Amino acid sequence: MLPDGDFIELHWAGRGAGPIVVVLHGLGGSIRSHYASGMLAALTGRGFRAVLMHLRGAGEEPNRLPRSYHSGDTADFRHCLQVLRERQPGVPLAAVGYSLGGNVLLKYLGEEGEEALLAAAVAVSVPFDLGATVDCLNRGLARIYQRRLLRCLKWSTRRKLGRLPLPVDGRGLAGIRTLREFDERLTAPLNGFRDAEDYYRRSSSRHFLKAIVVPTLVLHAEDDPFMPPGIVPSASALGPAVRLELSRHGGHAGFVAGPPWAPVYWAEGRARAFLTAHLGRGSGSSGEGVPRPGTNA
């Protein structure tokens, strides 16, 4: 239960008394997303307890209030960590965030600084600049991905139409053609932003990177088709605790190596190795031997 009377759904994996790793999914994601289930499997049984936090409104049940999750909403994540700390005193907490979830994670770490409740973090395929990313998704082949994301957002919104007051009706929702328009007409007004541009400016994690003091690994691919060139932050924009590993190949939350008949999703092993090194727990393969094609430290 959240402080405003709404709720989020958690999906637990693994047992024991080891460190807890909270996994945050991307836009339109859930426990059914391949990267989410893959990360849970990679962490479970290696000395960790993993839990997927379904961002508000992304679970099986529609949330109770007009607003749902967005790229800059760190309040629900912060509350989740506080509850875990109260219920599991002394147990180290860490987090892994993908795409939108990675943006939420990095923004939280920058906002909290030394007060962050995490001992370590990993962020994968993060849209550091939300406005630039949304515009990139409206060009070329990336528009296919934009249409898929819009279908997810519209489906979630339709579940609420007729039950809750929303700034759009059925016909207006059907007429939305881009993510920027969706954010202009729904995300911004429902979450207290002046407009989409105000939402992107205030929520982009690039503004918070310098203030991060928790050991944090950022994995990003140069060939991510949904990110514009130049979106990757420079070394001077990163806090001293942030390690950016840039791979020539990996796509968006893909990071696959090996032959087609025996693929290796190396981001999971790399994340596990990083968390093991900083939390001092975990067993089995460290992941240090997992291939990372074309990675630049």
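Residues numbered from 1 in each chain as written. Predicted model: local features only at pLDDT ≥ 70, side-chain atom pairs only at ≥ 80, totals over all residues. Heavy atoms only, no water.

## Regarding the pairing of strand β3 (residues 49–54)
The element β3 is largely enclosed, with a buried count of six among its six residues. By the alternation rule, side chains of β3 split into Arg 49, Val 51 and Met 53 and Ala 50, Leu 52 and His 54, which are all buried. Note that strand β1 (residues 9–13) and β3 share five bridges and pair antiparallel. Each residue of the ladder has a partner; that of His 11, found in β3, is Leu 52. Pairing geometry for strand β2 (residues 20–24) and β3, over five bridges, is parallel. (Buried < 20%, exposed > 50% of the residue type's maximum accessible area, 1.4 Å probe, protein only. Helix = DSSP H or I, 4+ residues; strand = E, 2+ residues; numbered from the N terminus. Pairing = 2+ DSSP bridges.)

## As for the environment of Leu 118
Along the chain, the position of Leu 118 falls in the loop between α3 (100–112) and β5 (120–124). Note on Leu 118: relative accessible area 6%, which makes it buried. Residues Leu 118 and Ala 95, 23 residues apart in the sequence, show an inter-C-alpha distance of 7.2 Å. Not counting residues up to four positions away in its chain, the partners in contact with Leu 118 are Phe 77, Leu 81, Leu 93, Ala 94, Ala 95, Leu 105, Tyr 108, Leu 109 and Val 214. (Contact = heavy atoms within 4.5 Å.)

## Quick look at unusual backbone geometry
The backbone of Ser 99 shows a phi angle near 50 degrees, a positive value even though the residue is not glycine. Locating Ser 99 in the fold gives a position in the loop between β4 (93–98) and α3. We note that Ala 253 has phi near 60 degrees; this positive angle belongs to a residue other than glycine. Among the residues examined, Ala 253 registers a relative accessible area of 8% and is labelled buried.

## A word on helix α2 (residues 75–87)
Here α2 contains 13 residues, and its C-alpha end-to-end distance of 18 Å stays within 8% of the 18 Å for a straight helix at 1.5 Å per residue. For α2, every residue scored as buried is listed here: Asp 76, Phe 77, Arg 78, His 79, Cys 80, Leu 81, Val 83 and Leu 84. On its buried face, α2 is in contact with β1, β2, β3, β4 and α3. (Expected span 1.5 Å × (residues − 1).)

## Thoughts on the nonpolar core
In terms of nonpolar packing, the biggest core is built from 39 residues, with Val 22, Phe 77, Leu 106, Leu 109 and Leu 118 touching the most fellow members. Where this core is concerned, the elements lending two or more residues are β2, β3, α2, β4, α3, β5 and β7 (242–247). A per-element tally of this core places α3 first, with six residues. Other than its neighbours up to four places away in sequence, Val 22 contacts Val 51, Met 53, Phe 77, Leu 81, Leu 84, Ala 94, Ala 95 and Val 96. Counting residues in each nonpolar core, the second largest holds 29 residues, with Leu 43, Leu 52, Ala 120 and Ala 271 among its members. (Core = buried A, V, L, I, M, F, W, Y, C linked by side-chain atoms within 4.5 Å.)

## Topic: a positive patch on the surface
There is a patch of like positive charges on the surface, built from Arg 143, Arg 147, Arg 148 and Arg 151. Relative to the helices and strands, Arg 148 resides in helix α5 (residues 142–158). (Patch = residues over 30% accessible without salt bridge, like charges linked within 9 Å, V, L, I, M, F, W, Y side chains within 5 Å. Areas by Shrake-Rupley, 256 points an atom, 1.4 Å probe, with all protein chains shown as cover. Salt bridge = Lys/Arg side-chain N within 4 Å of Asp/Glu carboxyl O. Lys, Arg positive; Asp, Glu negative; His and termini not counted. Charge placed at Lys NZ, Arg CZ, Asp CG, Glu CD.)

## Brief notes about the layout of surface pockets
The volume enclosed by the largest pocket comes to roughly 760 Å³. What lines the largest pocket is a set of 44 residues, and nearest its centre among them are Leu 27, Gly 28, Tyr 69, Leu 100 and Leu 153. Contributing elements (two or more residues each) for the lining of the largest pocket: α4 (130–136), α5, α7 (179–190) and α8 (196–203). By residue number, the principal contributor to the lining of the largest pocket is α5, which donates seven residues. Residues belonging to the lining of the largest pocket are distributed by class as follows: 23 nonpolar, 15 polar and six charged. (1 Å grid on protein atoms, 1.4 Å probe; cavity = no way out; pocket = protein on both sides within 12 Å on 5 of 7 lines; lining within 4 Å. Points joined across faces, edges and corners; volume = space filled by probe spheres on them. Nonpolar A, V, L, I, M, F, W, Y, C, P; charged D, E, K, R; others polar.)

## Thoughts on the confidence of the model for the protein
Taken as a whole, the protein shows an average pLDDT of 91; of its residues, 94% reach a score of 70 or greater. Contacts from residues 282–291, a stretch scored under 50 in pLDDT, to residues over four places away or in other chains number 24 contacts. When the criterion is pLDDT under 50, residues 293–297 qualifies, and its contacts beyond four places in sequence or with other chains add up to 17 contacts. (pLDDT = per-residue confidence, 0-100.)

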